Amino acid sequence: MEFLVRTIGNAVGLWLATTFIRGMDVPGTPTTLMTIANLLVVGLVLALVNSLIKPVARFLAFPLYVLTFGLFALVVNGAMLLLTSNVTDALTGIGEELGLTLGLHVATFGTAVVGSLLVSLISAVVVGF
């Protein structure tokens, strides 16, 4: 149940990030229902990346976390969002027979860091409810 709530929180955060941050967009979603479905899939991928790969990245980067007093977490979160973008770009062909284009496009690493801040903040608020 918590994983489903985290996926929904990520989807809401991604929706706000793609709305307000230039350089983040969801490709080819003409209707609202398709946009919601796409954001839920991308939110699921982000939740999987955060639960499977992020702990390994945290462990490997532990000295940098200590050295920067935890600010290196911004870099790791941005990298996880870029990884999600790359994974979902590979999913672009899936769902075309249904008329659903899946994916998330993040232009630069700076955009990913700012986007990950917004997604993390909104996701924490949604999961908190």
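Let us look at the structure shown here.

What counts, and at which threshold
Residues numbered from 1 in each chain as written. Predicted model: local features only at pLDDT ≥ 70, side-chain atom pairs only at ≥ 80, totals over all residues. Heavy atoms only, no water. Helix = DSSP H or I, 4+ residues; strand = E, 2+ residues; numbered from the N terminus. Rg over C-alpha atoms; globule rule 2.2 N^0.38 Å. Buried < 20%, exposed > 50% of the residue type's maximum accessible area, 1.4 Å probe, protein only. Areas by Shrake-Rupley, 256 points an atom, 1.4 Å probe, with all protein chains shown as cover. 1 Å grid on protein atoms, 1.4 Å probe; cavity = no way out; pocket = protein on both sides within 12 Å on 5 of 7 lines; lining within 4 Å. Points joined across faces, edges and corners; volume = space filled by probe spheres on them. Nonpolar A, V, L, I, M, F, W, Y, C, P; charged D, E, K, R; others polar. Axes fitted to C-alpha atoms, helices over the stretch in contact; angles between N-to-C directions. Parallel < 35°, antiparallel > 145°, perpendicular 65-115°, else oblique. Left-handed = near helix turned anticlockwise from the far one by under 90°. Contact = heavy atoms within 4.5 Å. Salt bridge = Lys/Arg side-chain N within 4 Å of Asp/Glu carboxyl O. Core = buried A, V, L, I, M, F, W, Y, C linked by side-chain atoms within 4.5 Å. Polar contact = N/O pair within 3.5 Å; in protein donor to acceptor, adjacent residues only side chain to side chain.

Some details on the overall build of the chain
Working step 1: Looking only at helices and strands, one finds six helices and two strands in the chain.
Working step 2: Ordered by position from N to C terminus, the α and β elements of the chain give α-β-α-α-α-α-β-α.
Working step 3: In terms of overall dimensions, the chain is globule-like: its C-alpha atoms have a radius of gyration of 14 Å, near the 14 Å expected for 129 residues.
Working step 4: Judged by the C-alpha coordinates and their principal axes, the chain covers about 50 × 30 × 25 Å.
Working step 5: The buried share of the chain, taken over its 129 residues, is 36%.
Working step 6: Total accessible area on the chain stands at roughly 7,300 Å², and carbon and sulfur atoms take up 76% of it.

Concerning the layout of surface pockets
Working step 1: The volume enclosed by the largest pocket comes to roughly 330 Å³.
Working step 2: Lining the largest pocket are 19 residues, and of these Arg6, Asn10, Asn50, Lys54 and Ser120 sit closest to its centre.
Working step 3: The leading source of residues in the lining of the largest pocket is helix H6 (residues 109–128), at six residues.
Working step 4: In terms of residue class, the lining of the largest pocket is made up of nine nonpolar, seven polar and three charged.

Considering the packing of helix H2 (residues 32–52) against helix H5 (residues 72–90)
Working step 1: At their nearest, the axes of H2 and H5 sit 9 Å apart, and the two run at 130° to each other. Between H2 and H5, the angle is such that the two are oblique. Crossing handedness for the pair H2 and H5: right-handed. Contact with H2, carried on its side by Val42, Val45, Leu46, Val49 and Asn50, involves Met80, Leu81, Leu83, Thr84, Val87 and Thr88 of H5 and no other residues of that element.
Working step 2: When the residues that make up the contact of H2 with H5 are grouped by side-chain class, the tally is eight nonpolar, three polar and no charged.

As for the pattern of salt bridges
Working step 1: Across all of its chains, the model carries one salt bridge by this definition.
Working step 2: Of the charged contacts, one joins Glu2 and Arg6 as a salt bridge, the two residues approaching to 2.8 Å between their closest N and O atoms. Of this pair, Glu2 and Arg6 both sit in helix H1 (residues 2–20), four residues apart, which is roughly one turn of that helix.

Some words on the nonpolar core
Working step 1: The biggest cluster of nonpolar side chains holds 14 residues, and the ones touching the most others in it are Leu14, Met24, Leu81, Leu104 and Val106.
Working step 2: If you list the elements that add at least two residues to this core, you get H1, H2 and H6.
Working step 3: Setting aside chain neighbours within four positions, we find Leu14 in contact with Met24, Leu39, Val42, Gly43, Leu46, Leu81, Leu104 and Val119.
Working step 4: Ala61, Tyr65, Val76 and Met80 belong to the second largest nonpolar core, which has six residues in total.

Description of unusual backbone geometry
Working step 1: Positive phi outside glycine occurs at Phe69, with the angle close to 55°.
Working step 2: Position of Phe69 among the secondary structure elements: in the loop between helix H4 (62–67) and H5.

Here's the deal with the side chain of Thr111
Working step 1: Its location among the elements puts Thr111 in helix H6.
Working step 2: Its relative accessible area of 11% is what places Thr111 among the buried residues.
Working step 3: Among the polar contacts listed, one links the side chain of Thr111 to the side chain of Thr108, at a separation of 2.8 Å.
Working step 4: The residues touching Thr111, leaving out its near neighbours within four places in the chain, are Ile21, Arg22, Gly23, Met24 and Val106.

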